[in-house]
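# Coordinate inspection notes
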Amino acid sequence: MYIAQEESFGPVMVISKFKNGDIDGVLRRANTTEYGLASGVFTKDISKALYISEKLEAGTVFINTYNKTDVAAPFGGFKQSGFGKDLGKLFSPSLISHLKIQVNEKNN
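This one's a predicted model, so the numbers in the text were calculated from it and none came from an experiment.

This brings us to the overall build of the protein chain. When you go through the protein chain residue by residue, the secondary structure sums to 3 helices and 5 strands. Along the protein chain, helices (α) and strands (β) appear in the sequence α-α-β-β-α-β-β-β when read from the amino end. Going through the 108 residues of the protein chain one by one, you find that 26% of them count as buried. For the protein chain, the share of sequence-separated contacts (at least 6 apart) that also reach a separation of at least 24 residues comes to 50%.

Next up, the structure:
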């Protein structure tokens, strides 16, 4: 699907269906793009969400929320979505592959 493989800027969200239990297939689909700025995982199973977020090739992974960021955290993407991280008080050249995971504890 073209829209799921391009880096669109604007109010665009791709929601993909997957077979129950096919986590590896979901990860393959998500990581087979040349971009990796941000991603989101929505689930009631926090263990599954954390497992998936560790495997996603994205600069920021949101869990049960989207686009809520902390200005103190570094910002940047993977692959063609940026080189390393910048900004935020946590920025350091040693954090080039740092992955930011944002978890919404209240699933509203």
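Once the structure has been displayed, the description carries forward.
Neither face of strand E3 (residues 60-63) is exposed, since Thr60 and Phe62 on one face and Val61 and Ile63 on the opposite face are all buried. One ladder, built from 4 bridges, connects strand E2 (residues 38-41) with E3; its direction is parallel. Each residue of the ladder has a partner; that of Val41, found in E3, is Ile63. What joins E2 to E3 is helix H3 (residues 46-55), and the crossover it makes is right-handed.

With that settled, consider the packing of aromatic side chains. Counted by the stated rule, this structure contains 1 aromatic pair. Relative to Tyr66, the ring of Phe62 lies with its centre 4.8 Å away and its plane at 50°, an arrangement referred to as tilted. The exposure class of Phe62 is buried, given its relative accessible area of 2%. We classify Tyr66 as partly exposed; its relative accessible area is 36%.

On the surface, Ile46, Leu50 and Val103 cluster together to form a nonpolar patch covering roughly 210 Å² of accessible area. Secondary-structure assignment places Val103 in strand E5 (residues 100-103). By relative accessible area, which is 34% here, Val103 ends up partly exposed.

Reading guide: rules and limits
- Residues numbered from 1 in each chain as written.
- Predicted model: local features only at pLDDT ≥ 70, side-chain atom pairs only at ≥ 80, totals over all residues.
- Heavy atoms only, no water.
- Helix = DSSP H or I, 4+ residues; strand = E, 2+ residues; numbered from the N terminus.
- Buried < 20%, exposed > 50% of the residue type's maximum accessible area, 1.4 Å probe, protein only.
- Contact = heavy atoms within 4.5 Å.
- Pairing = 2+ DSSP bridges.
- Right-handed = clockwise from strand over helix to strand, strands pointing away.
- Phe/Tyr/Trp six-rings, centres within 6.5 Å; stacked < 30°, edge-to-face > 60°.
- Patch = residues over 30% accessible without salt bridge, like charges linked within 9 Å, V, L, I, M, F, W, Y side chains within 5 Å.
- Areas by Shrake-Rupley, 256 points an atom, 1.4 Å probe, with all protein chains shown as cover.
- Salt bridge = Lys/Arg side-chain N within 4 Å of Asp/Glu carboxyl O.

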